[in-house]
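# Coordinates in review
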Amino acid sequence: MAPEVVLRGRHQERGAVRELLDATRAGRGAALVVTGGLGAGKSALLRLAHTADFRVLTAHGVPAESALDGAGLHRLLHPVADRVPEALRVAVGLAPGAHRRAFALNTEVHRLVCEVAAQRPVLVLVDDAGLLDRTSLEALAFLARRVTDHRVAVLFALEPHRGDNPLVGLPVLPLRPLDDPAALAVLADHNPLGVSEDFAEEVLDLAGGNPLALTELAATGRLAPDSVLRSRLRARFHALSPDARRLVLLAVADEDLELDTVVRAELELDALEEARDSGLLAVRGEHVVVSSGLTRSVLRTEVPIREHRRAHALLADVLDPDHHRSRWLWHRAAMNREAANGLAADLAAAAESARRAGDYAASSQAHQRAAALTRSPDAKAAHLIAAAADHWSVGRPRQSRASLREARAYTRGRELRGLTDFVRGGIELGDGVPGSAVRNLRKASDDLLDSHRTLAITALVFAAEAGSIAGDQADHALTAARAARLRRPDEPPVTQLMFDHLEGMAATFAGRHRVAKPALERAVRLATNLSDPRSKIWGSQAAYVLGHATPSLELATQAVAAARDSGMASLVPWALVYRSLAALLLDQHSIASDSSLEGVREATAMGQPNTVVDHLTILALMAALQGNKATAVHRLHLAAADVARRGLGRPSTFSSWALACVDLVDDRPVDALNRLRLLAVGTGRVHPGIKVMTAPHFVEAAVACGQQAKAVNVLRQFEGWAASTGCPARLALSHRSRALLAGSEPEADAHFLEAIRLHRAGGTPMELAKTELFYGHRLRRGRRPKVAREHLRDALKIFQQYDSEHFVNRVRAELRASGDTITTTKTAPTAALTPQQSQIARLVAEGATNREIAAQLFISHRTVEHHLRNIFARLEVRSRVELTRLLG
């Protein structure tokens, strides 16, 4: 298999290897340990590192030679045998009649390789390092730690937990599972005519992002008995001791196997270490798990049924029937399928009990097992759909889709179809095309109206959210109109909130702000008194539209906590979107940044790429508002592909707004104005609410271009919204915009001063600083430098607190032009750091590399380097070691 195919989607990893080789060419040798499971692409990455200008020395771990001292070095040094000194030749068997001896070869190996590198760069490749003999591996680890001043690069490929690891402390490059787009690309390479969506889903689910698995599953969706992966997994299992094999089968039988259960099963802990070293098992917290779903599938097929039943019998014997109810029932049923039918109802009861307790992971598993024991097609479908819904609630869309696929053959009747479409639409909302989500959710609403009315109305609110994400105002309005026809006078609080939310948002998007206000205010009041996370999210969104930033932030924070407490983890990233937006409205950039960074991590883990993009574009807008061009552009680049591929109008509008702010930072007002004009006329999928919010920047760009007349109508729409909500922060922006457009000094003064008052009343310091910058500029140009300096000095302090280098420089330039002498006062070192610098400094102190910090904060590694230089200067330290010591 070609390395390029296996390494599809591994752009960062390939980039890391290229950087290592480039540094080595420049005389800065380095080492890297590439880690990953069986089939992850470690060997392919090493093969791809081969380059003509390097002398390449290779070694490969072989099980039969693991106990042979010096075997690895013998193979590695063979191409340079003529340069190996006699003592070393004897030690590694390169001299005739040599007897291998285990002694310290490290210094000799290091000297020899560095001597070769003096003439031509050397690349040392060590594949399957965990199987290399100990003497050779220790010598190569010694070499890898001492190549900094030599043209030597050392690359190891190491499977985690395969044997002892003398490589601890060397830089690690983990090969994580491929994401879905990269996995689909590998599948497409092997199926040029294409595959069905169901087949692709099944293969992706089984392969788990493993490149070799994707390749071997691509033809039929099954691993052939003689496939590389199946053969290796089979061989590893049969090489284990009897106790280790029993332990592996316990983990295959029970996905929630605890270490405590292993002890009660009277299995030796040595067996656990053996199984872990084989790569078949992993320990995660207090649980022992099979390394992958593919490994579980292979072992279920390879191992005789009688051995699996023995594992189930042992687990039924050691588990507590009350505390582990559903698991105990399942293992009893698996011991004898003939007597299992009567246990399906007990498992269903256990599933409902777990669901009431908020344990959706347990309830999904119990429903899945109940379905396996149920003969009735309708009951089987109901269990599978319930399992899919619970998988979705806990943030496992792939498992949810798999349950729905399994249920399809048994799904008959309107109610079951409605429940299926509800779950499928919810998955599409976070991980699909919003238009598909709208269609599924509307169908679900129609089919569920008679049997599950509250769920039917919930489906319409989700459909409206999907229309909002797509930036499709017409779709949103249509959904809201459908909901309005269902409203009754005596609605309970939960459905009343949903109807008010839909009515208020639809009126807002249509520009009917006075109609929207009472409906949104009712929604906020109802959400305050309800406890479920969805109601809190809808209330937060309503409060945000009203400009009630503090209640919006509080409701979003409550929604995050309620989602976690209730077990509905899939709602957390969505709630964090509104927490971030509310904090941004309050100019609380640190809270907004933390919320969206957490949102990206949570949404990524839960398979919600649409929400990932929402958070990335909010983070980009935040950076652009701070004048940080590089970070804004980097974050937009990360989001761009999904925005285009999935038709995400809301993130697209955020992206255009952020790019317009970048244009203004770059002093390109014409570009900013053209970009914002396209938003204003609604070209493409434009989110109507966000479009209105861009008006202050539209005015700023128009004034800078001398085209004030073009901004009047846009500003009028913004003013109508700001006036209807009475939000001080938005009214302040309205007055600032009027001040920029004002033709006379008295008119400008009045609007600027009112804007400053409202900024202070609304608690928006960043926007206050920008207003004072604009006002200071106008005062200076109007030959009132003394008054200008007062506002500019206030602005400077605020921009410094926000680490906004661009605006700090602009204010300083204005101050110099106004005749001010800028002085700096020295502060205590740690107090001098901005929030983002403090975050970077903390990560450095924890041992993170620049690339790891960049990945966590979604900034470029060059931005990290820039911040680190400033951190070192402010804290008066010279190295990461000194910084760690200072912060420790």
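Residues numbered from 1 in each chain as written. Predicted model: local features only at pLDDT ≥ 70, side-chain atom pairs only at ≥ 80, totals over all residues. Heavy atoms only, no water.

In terms of helices and strands, the protein carries 47 helices and 7 strands. Relative to the compact-globule value of 29 Å for 888 residues, the protein shows a C-alpha radius of gyration of 31 Å, a close match. C-alpha extents for the protein along the principal axes are approximately 100 × 75 × 50 Å. Looking at the 888 residues of the protein, the share that counts as buried comes to 55%. As displayed, the protein has an accessible area near 37500 Å², and 52% of this comes from carbon and sulfur atoms. The averaged location of the 100 negative side-chain charges in the protein is 5 Å from the averaged location of its 112 positive side-chain charges. (Helix = DSSP H or I, 4+ residues; strand = E, 2+ residues; numbered from the N terminus. Rg over C-alpha atoms; globule rule 2.2 N^0.38 Å. Buried < 20%, exposed > 50% of the residue type's maximum accessible area, 1.4 Å probe, protein only. Areas by Shrake-Rupley, 256 points an atom, 1.4 Å probe, with all protein chains shown as cover. Lys, Arg positive; Asp, Glu negative; His and termini not counted. Charge placed at Lys NZ, Arg CZ, Asp CG, Glu CD.)

It is worth spelling out helix α17 (residues 325-335) at this point. Of all 11 residues making up α17, 8 are buried, and the element is well covered by its neighbours. By the burial criterion, the buried members of α17 are Ser326, Arg327, Trp328, Leu329, Trp330, His331, Ala333 and Ala334.

The subject of this paragraph is the packing of helix α6 (residues 106-117) against helix α7 (residues 134-144). Look at α6 against α7: their axes get within 9 Å of each other, and the N-to-C directions meet at 55 degrees. The orientation of α6 with respect to α7, classified from their angle, is oblique. The element α6 and its partner α7 pack so that their crossing is right-handed. Residue-level contacts link Asn106, Thr107, Val109, His110 and Val113 of α6 to Glu138, Ala139, Phe142 and Leu143 of α7. Along the lines of polarity and charge, the residues of the contact of α6 with α7 split into 5 nonpolar, 3 polar and 1 charged. (Axes fitted to C-alpha atoms, helices over the stretch in contact; angles between N-to-C directions. Parallel < 35°, antiparallel > 145°, perpendicular 65-115°, else oblique. Left-handed = near helix turned anticlockwise from the far one by under 90°. Contact = heavy atoms within 4.5 Å. Nonpolar A, V, L, I, M, F, W, Y, C, P; charged D, E, K, R; others polar.)

What follows concerns the environment of Leu143. Residue position: Leu143 is located in helix α7. Of the residues examined, Leu143 reaches a relative accessible area of 0% and is grouped as buried. Considering only alpha carbons, one finds Leu143 and Thr107, 36 residues apart in sequence, at a separation of 8.0 Å. Contact partners of Leu143, with chain neighbours within four places excluded, come to His110, Val113, Val124 and Val154.

In protein structure, a disulfide is the covalent linkage between the sulfur atoms of two cysteines. Under the criterion given, the structure shown has 0 disulfides. In this model Cys661 remains outside any disulfide bridge; the closest cysteine sulfur is found in Cys705, 14 Å from its own. For Cys661, a relative accessible area of 3% puts it in the buried group. Distance from the sulfur of Cys727, which forms no disulfide, to the nearest cysteine sulfur (Cys661) is 18 Å. Using a relative accessible area of 2% as the deciding quantity, one classes Cys727 as buried. (Disulfide = S-S within 2.5 Å.)

Moving on to the pattern of salt bridges. Scanning the entire structure with this criterion turns up 55 salt bridges. With a closest N to O distance of 2.8 Å, Glu302 and Arg234 form a salt bridge. Of this pair, Glu302 sits in helix α15 (residues 293-302) while Arg234 is found in helix α11 (residues 228-238), placing the two residues 68 residues apart along the sequence. Note on Arg234: relative accessible area 24%, which makes it partly exposed. (Salt bridge = Lys/Arg side-chain N within 4 Å of Asp/Glu carboxyl O.)

Mapped onto the elements of the fold, Ser278 is located in the loop between α14 (269-277) and β6 (281-284). Residue classification places Ser278 among the buried residues on the basis of a relative accessible area of 6%.

Moving on, we come to helix α20 (residues 377-393). Helix length check: α20 (17 residues) gives 24 Å between terminal C-alpha atoms against 24 Å at 1.5 Å per residue, within 8%. In terms of burial, α20 is a largely internal element, 13 of the 17 residues being buried. Positive phi appears at Gly395, one or two residues downstream of α20, with a value of about 90 degrees. (Expected span 1.5 Å × (residues − 1).)

Once that is clear, we can look at the pairing of strand β3 (residues 122-127). For a regular strand, the rule is simple: side chains alternate between the two faces of the sheet. β3 sits mainly inside the fold: 6 of its 6 residues count as buried. Of the two faces of β3, the one carrying Val122, Val124 and Val126 and the one carrying Leu123, Leu125 and Asp127 are both buried. Looking at chain direction, strand β2 (residues 55-60) and β3 are connected through 6 bridges and run parallel. From the neighbouring strand, Arg55 faces β3, where its bridge partner is Val122. In the sheet, β3 pairs with strand β4 (residues 152-158) via 5 bridges, with the strands oriented parallel. In the strand pairing of β4, Val122 is matched with Val152. (Pairing = 2+ DSSP bridges.)

We now examine the packing of aromatic side chains. With the rule as written, the count across this model stands at 9 aromatic pairs. Considering the side-chain rings of Trp392 and Phe422, the 5.6 Å spacing of their centres and the 75 degrees angle between planes classify their relative orientation as edge-to-face. Residue Trp392 is located in helix α20, and its partner Phe422 is located in helix α22 (residues 414-431); the two are separated by 30 residues in the primary sequence. Aromatic pair Phe462 and Trp574: ring centres 5.8 Å apart, planes at 55 degrees, arrangement tilted. Note that Phe462 is positioned in helix α24 (residues 453-470) and Trp574 in helix α30 (residues 572-585), a separation of 112 residues in sequence. No difference in accessibility class separates Phe462 from Trp574, as the two residues are buried. Here the aromatic residues Trp392, Phe422, Phe462, Trp538 and Trp574 are joined through ring pairs into a cluster of three or more. Directly above the ring of Phe142 sits Arg146, whose terminal nitrogen or CZ lies 3.7 Å from the centroid. (Phe/Tyr/Trp six-rings, centres within 6.5 Å; stacked < 30°, edge-to-face > 60°. Lys NZ or Arg CZ within 6 Å of the ring centre and 35° of its normal.)

Right, let's talk about the side chain of Ser580 for a bit. Inspection of the secondary structure puts Ser580 in helix α30. Taking the relative accessible area as the measure of exposure, Ser580 reaches 0% and is therefore buried. If we ignore the near neighbours within four places in the chain, the residues touching Ser580 are Ala592, Ser595, Ser596, Ile618 and Met622.

What follows is about the sheet that holds β2. Sheet architecture is open: 5 strands sit in the order β2-β3-β4-β1-β5, paired in parallel fashion. Because the sheet does not close on itself, it has two edges, and the strands there are β2 and β5 (172-174). Recorded for the sheet is a direction-independent mean angle of 15 degrees between the axes of neighbouring strands. On the sheet, helix α2 (residues 11-25) packs against β1 (30-35), β3, β4 and β5 and is oriented at approximately 150 degrees with respect to β4. Contacting β2, β3 and β4, α6 crosses the sheet at an angle of about 135 degrees to β3.

Taken together, the 4 bridges between β6 and strand β7 (residues 287-290) define a ladder with antiparallel strand orientation. When the sheet's bridge partners are listed, Arg284 is paired in β7 with His287. Adjacent in sequence and paired antiparallel, β6 and β7 are bridged by 2 residues, among which Gly285 carries a positive phi angle near 65 degrees.

One rule of thumb: low pLDDT means the predicted coordinates there are not for detailed reading. Averaged over the protein, the pLDDT score is 90; the fraction of residues at 70 or greater is 94%. This stretch, residues 94-103, has a pLDDT under 50; its non-local contacts, to residues over four places away or in other chains, come to 22 contacts. Of the regions scoring below 50 in pLDDT, residues 825-830 engages in 5 contacts with residues more than four places distant in sequence or in other chains. (pLDDT = per-residue confidence, 0-100.)

As a further point, take the environment of Ala510. Mapped onto the elements of the fold, Ala510 is located in the loop between α26 (493-509) and α27 (513-529). Residues Ala510 and Ala848, spaced 338 residues apart in sequence, show a C-alpha to C-alpha distance of 48 Å.

Before going further, it helps to examine the nonpolar core. Counting residues in hydrophobic clusters, the biggest one holds 168 residues, and the most contacted among them are Phe799, Ile840 and Leu883. In this view, Phe799 contacts Met766, Ala769, Lys770, Leu773, Ser804, Phe807, Val808 and Val811; residues no more than four positions away in its chain are not counted. One finds Ala200, Leu212, Leu272 and Leu299 within the second-largest nonpolar core, a separate group that totals 47 residues. (Core = buried A, V, L, I, M, F, W, Y, C linked by side-chain atoms within 4.5 Å.)

This part takes up the packing of helix α33 (residues 629-646) against helix α34 (residues 649-665). Each pair of packed helices gets described by two things: the angle between the helix axes and the distance between those axes. It is the contact of α33 with α34, at a shortest axis distance of 10 Å, that shows an interaxial angle of 155 degrees. Put simply, α33 runs roughly antiparallel to α34. Of the two possible hands of crossing, α33 and α34 adopt the one that is left-handed. Residue-level inspection shows Lys629, Ala632, Val633, Leu636 and Val643 of α33 in contact with α34, the latter providing Pro651, Ser652, Ser655, Ala658, Leu659 and Val662. Looking at side-chain class alone, the contact of α33 with α34 contains 8 nonpolar, 2 polar and 1 charged residues.

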